[in-house]
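Coordinate analysis (summary)
Given next are the chains, with one letter for each unit.
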Amino acid sequence: VSALQSSGTIIPGGDVDIKDVRMIVSTSGTPDDPATLARLPVGLDAAGSGIVRLGDVADVTWGQEEQNVFGRFNGEPAAFVTVMMQKGRNVVSVNEAVRTELNGFAKELPAGARIEIGFDQSKNVASRMSHLGRDFLFALLLVLITLSPLGLRASVIVMISIPLCLALGVAALQWCGFGLNQLSIVGCIIALGLLVDDSIVVIENIARFRREGHSALDASRLATKQIFAAVLGTTATLLFAFLPLLMLPEAAGLFIRSLPAAVVFAVLASLVVAVTIVPWLASHFFTGAGPAGGNRVMHGLQRVITGLYRPVLRWCMHNRVTTVAVAIALCLVSLGFIPAVGFSLFPKADIPQFLVEIDAGENAGLTTTDTVARKAEKILRSEPEVESLFTTVGQGNPRVYYNVFQSGRKTSLAAILVGLKSYDTRKTPVLLAKLRNDLDKIPGAHIELKEFQNGPPVFAPLEIRVIGEDMETISQKAGEVEKILRETPGTRNVDNPARAVRSDLMAQLDDDRLAALGLDRAAAQQLVRLVFAGLEVGKVRDIGGVERTIRIRLPQTEHATLEDWNETVIPAVNGRDLLLKELAPMEPRSGPAMIERRGGERVMTISAQVQEGRNIEQVTEDAQGRLRQLKFPSGCRYELGGEVESRVSSFAGFGNAILLAVFGCLAILILEFKTFRGMLIVASVIPLGIIGGLAGLWLAGYSLSFMAMIGFIALIGIEIKNSILLVDFTNQLRAKGVSLDDAVAQAGEVRFLPVVLTTLTALGALVPLALEQSALYSPLAVVIMGGSISSLLLSRLVTPVLYQMLAPEVKAQH
């Protein structure tokens, strides 16, 4: 060992000056192949006259390190190479560049070897982007249809404003470092229904002035001036609704940040376009004889307003207490939807890949683990929808998804990355449930089918941590917690690491005997390792410059056995040969496979998955109710991890975001109306949107998730925006001398049309997102749609009534 360690050591000899030339001095003889190493002197012979070389006492050959990890692709031996994309690059262009290189490299492969691309993230990206692109075009078409009441010329002007706003918004998005991804495109689709609001309000007001007989130029100037403060206020409230989302902390905030950024930039662009480009276009388009607008669709809506809305509004104005009481009752009743809807964090990714993770038991070797993996492969291959299988034995699967990381090397672990031909929101969950049931039938292993999930990483949705110092107590309580989770309806794949007791062997070293034999503990431990694993004693660089490890070991078969231990002799120790087993007898021992520590305390984490179709919140509450009845001794306790902990972390900034959004909007209202009464009237619409948002989630079958909460925050700005238009115009009428009741009624009827149009455009933009049935962004669309509908129907009645009851002071115009 000493000779081998010194053979690889290179000590610079220094330098020397020879006739004004400085030269470096080095030494020769560094081995670079087995033959050179075999000639290495390791001592003298027994007579002390001859040199004993390494080749005299050992076979020196190239060898292969013991194989602890191997892979298969669709049942054939394979080596996996994964490529990660650098930040700020485009996945499609990177994919094309990689494929170009691979095509050239494939020609150099030897016979019988080939390259297969089994996982390509750009396909998922392209599929998701194509769906969103289709949704965007569909939304654009629906927005165009909803603009029909404005007339052809007005609709054309609004449609011209859409690409202008989006171009400005995307440019700002790119400039601030946000690329185009699925969330930023969802933000653009949401913004599509909002960015035309300003243009619609301005163009509708210009059209109304034209119908009153003003010239195109005067109508554009006067209408824009009249509506400018309201448009500025509505834009500011929208910004304050979405800006707090840009400041959400933790990984969840980082995950969704591009969505509110896209909305904010597009809405800012819409303000600029609405008060500059739109009036300018209107002054040129709204020329010629006859007023602009007034088509059949417009007349139809006006008849609805006159025939239906006017009498209902008049009745509510005469029954103010009843109207407000009914609105309050509806808000309270809607809160009853919350338990039925339930909470969740982030949904599944809905991509055509999933993982099968296998744990064959603590003492399982590679052969046992591989046997289990092959059984799982057979089950998976029997399904026609399965396209590819990446199997890794001895280690976790290479990282292919942003929040799933590769587990370390362990002979009992295996993983199979399964690729499906496609993902269907109805059929695929049924297939996965069947596969879970079939895989559970494989004996002797813990097998878990995992779907990829959006958001920050969560190991399991339900985790209970038992914390303490005494391992026996922790293990006992962990068993009781495991039993509770197994008995809780809706759980599956309950895992308790306390059950995984590892059986090992210990070589019992006797320090006194070692000293008597002239050996120390370190030398004895080296002997033990020499028998079973071999000793790494240095490095050597081959002729090609590649660094290799030098390992010295006793002769043995491929894997060490106890026979190797029992037959190993330490020669001539104190005059006699000694068997190594006499020096350090082997004794069996057992203990926990893993001891986790958190904050310096011992922890045992019991985890469980939740069955498909069951609400995680309800299952967690059920488990908690049972856990509260469990008594823990002093110094031992439990805490919740999993989705509960992740939800606390992810929603930690929501309270501040909601407060900032609400108070920011209220501050804008006070600045605009200069009275607290005006602010209260406008802000009263906020609860009215919650009614429709919760009802929408319940009807669509979605839970109150992270993205749904973003929808509710966005609703704050959308609702207040529509209410501002009504209150601002009512104040203008009263300032002109119109009586309170007449001003309220007239403003309600005049502003009903633009509010209906802006709501319809928002709904038109969101319908494709809702119909997509994406677990990620469909809940957000459903919340905004449901909230916008309930707010439209109720606020057009409640806000005028509240204005009557809390009429702010208005200065008369002279």
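If you're wondering where the values come from, they're calculated on a predicted model, not measured in any experiment.

Conventions used here
- Residues numbered from 1 in each chain as written.
- Predicted model: local features only at pLDDT ≥ 70, side-chain atom pairs only at ≥ 80, totals over all residues.
- Heavy atoms only, no water.
- Helix = DSSP H or I, 4+ residues; strand = E, 2+ residues; numbered from the N terminus.
- Rg over C-alpha atoms; globule rule 2.2 N^0.38 Å.
- Buried < 20%, exposed > 50% of the residue type's maximum accessible area, 1.4 Å probe, protein only.
- Contact = heavy atoms within 4.5 Å.
- Salt bridge = Lys/Arg side-chain N within 4 Å of Asp/Glu carboxyl O.
- Expected span 1.5 Å × (residues − 1).
- Pairing = 2+ DSSP bridges.
- Axes fitted to C-alpha atoms, helices over the stretch in contact; angles between N-to-C directions.
- Polar contact = N/O pair within 3.5 Å; in protein donor to acceptor, adjacent residues only side chain to side chain.
- Parallel < 35°, antiparallel > 145°, perpendicular 65-115°, else oblique.
- Left-handed = near helix turned anticlockwise from the far one by under 90°.
- Nonpolar A, V, L, I, M, F, W, Y, C, P; charged D, E, K, R; others polar.
- Patch = residues over 30% accessible without salt bridge, like charges linked within 9 Å, V, L, I, M, F, W, Y side chains within 5 Å.
- Areas by Shrake-Rupley, 256 points an atom, 1.4 Å probe, with all protein chains shown as cover.

**A short note on the overall build of the chain**
- Scanning the chain from terminus to terminus reveals 30 helices and 21 strands.
- Here the C-alpha radius of gyration of the chain, 37 Å, is well above what a compact globule of 814 residues would show, namely 28 Å.
- Overall, the chain is about 125 × 80 × 55 Å in size when its C-alpha atoms are taken along their principal axes.
- Looking at the chain as a whole, 47% of its 814 residues are labelled buried.
- Sequence separation of 24 or more characterises 77% of the internal contacts of the chain that already satisfy a separation of 6 or more.

**Let's talk about the pattern of salt bridges**
- Tallied over the full model, the rule gives 20 salt bridges.
- A salt bridge links aspartate 120 to arginine 99, with the nearest nitrogen and oxygen atoms 3.0 Å apart. Note that aspartate 120 is positioned in the loop between α4 (91-106) and α5 (121-146) and arginine 99 in helix α4, a separation of 21 residues in sequence.
- Residue class for aspartate 120 comes out buried when judged on its relative accessible area of 12%.
- Classification of arginine 99 by relative accessible area gives partly exposed; the value is 30%.
- Note that arginine 551 is salt-bridged to glutamate 536, the shortest N-O span being 3.2 Å. Taken as a pair, arginine 551 in strand β15 (residues 547-552) and glutamate 536 in strand β14 (residues 535-541) lie far apart in primary sequence, 15 residues in all.
- The class of arginine 551 is partly exposed, set by a relative accessible area of 33%.

**Focus on helix α16 (residues 427-439)**
- The terminal C-alpha atoms of α16 lie 19 Å apart, and with 13 residues this matches the ideal 18 Å at 1.5 Å per residue to within 8%.
- Those residues of α16 that sit buried are Thr428, Pro429, Leu431, Leu432, Leu435, Arg436, Asp438 and Leu439.
- On its buried face, α16 is in contact with β7 (353-359), α15 (366-381), β9 (413-420), β10 (446-451) and β12 (491-495).

**A word on the sheet that holds strand β6 (residues 76-78)**
- With respect to topology, six strands assemble into an open sheet ordered β6-β5-β8-β9-β7-β10, the strand pairing being antiparallel. Looking at the sheet topology across the chains shown, the edges are occupied by β6 and β10. Direction aside, the axes of adjacent strands within the sheet are offset by 25° on average.
- As paired elements, strand β5 (residues 70-73) and β6 share three bridges and run antiparallel to each other. If you follow phenylalanine 73 over to β6, its bridge partner there is glutamate 76.
- Across the face of the sheet, α16 comes into contact with β7, β9 and β10 while running at roughly 170° to β10.

**Quick look at the side chain of serine 788**
- Counting through the fold element by element, serine 788 comes out in helix α30 (residues 778-805).
- Separated by 2.6 Å, the side chain of serine 788 and the backbone oxygen of isoleucine 784 make a polar contact.
- When near neighbours in sequence (up to four residues on either side) are disregarded, serine 788 contacts Leu715, Ile718, Thr759 and Leu763.

**Regarding the packing of helix α8 (residues 216-242) against helix α27 (residues 706-735)**
- In the contact formed by α8 and α27, the axes pass within 8 Å of each other and the chain directions differ by 160°. With respect to each other, α8 and α27 are oriented roughly antiparallel. In this structure, α8 meets α27 at a crossing whose hand is right-handed. Facing Gln226, Ile227, Ala230, Gly233, Thr234, Thr237, Leu238, Ala241 and Phe242 of α8, the residues of α27 in contact are Ile713, Ala714, Gly717, Ile718, Ile720, Lys721, Ile724, Leu725, Asp728, Phe729 and Gln732.
- Here the contact of α8 with α27 is composed, by residue class, of twelve nonpolar, six polar and two charged.

**Some details on unusual backbone geometry**
- Even without glycine at this site, asparagine 74 takes up a positive phi of about 50°.
- With a relative accessible area of 35%, asparagine 74 lands in the partly exposed category.
- Phi angles above zero are rare outside glycine, and asparagine 493 is one such case at about 50°.
- By the element assignment, asparagine 493 lies in strand β12.

**Quick word on the pairing of strand β3 (residues 41-44)**
- Where β3 meets strand β4 (residues 51-53), three bridges bridge the pair, whose relative direction is antiparallel. When the sheet's bridge partners are listed, glycine 43 is paired in β4 with valine 52.
- In sequence, β3 turns back onto β4 through a hairpin of six residues, with glycine 48 there showing a positive phi of about 80°.

**Some details on the packing of helix α10 (residues 258-275) against helix α11 (residues 277-285)**
- For the pair α10 and α11, the least separation of the axes is 3 Å and the interaxial angle reads 30°. Judged by the inter-axis angle, α10 sits roughly parallel to α11. Here Val272, Val273, Ala274 and Val275 of α10 come into contact with α11, specifically with Ile277, Val278 and Pro279.
- Considering only residue class, the contact of α10 with α11 consists of seven nonpolar, no polar and no charged.

**A word on a nonpolar patch on the surface**
- On the surface, a cluster of nonpolar side chains totalling about 480 Å² of accessible area is made up of Leu152, Val156, Ile160, Leu164, Ile277 and Phe285.
- Counting residues per element, the ones that place at least two in the nonpolar patch are α6 (152-175) and α11.
- Top contributing element to the nonpolar patch by residue count: α6, with four residues.

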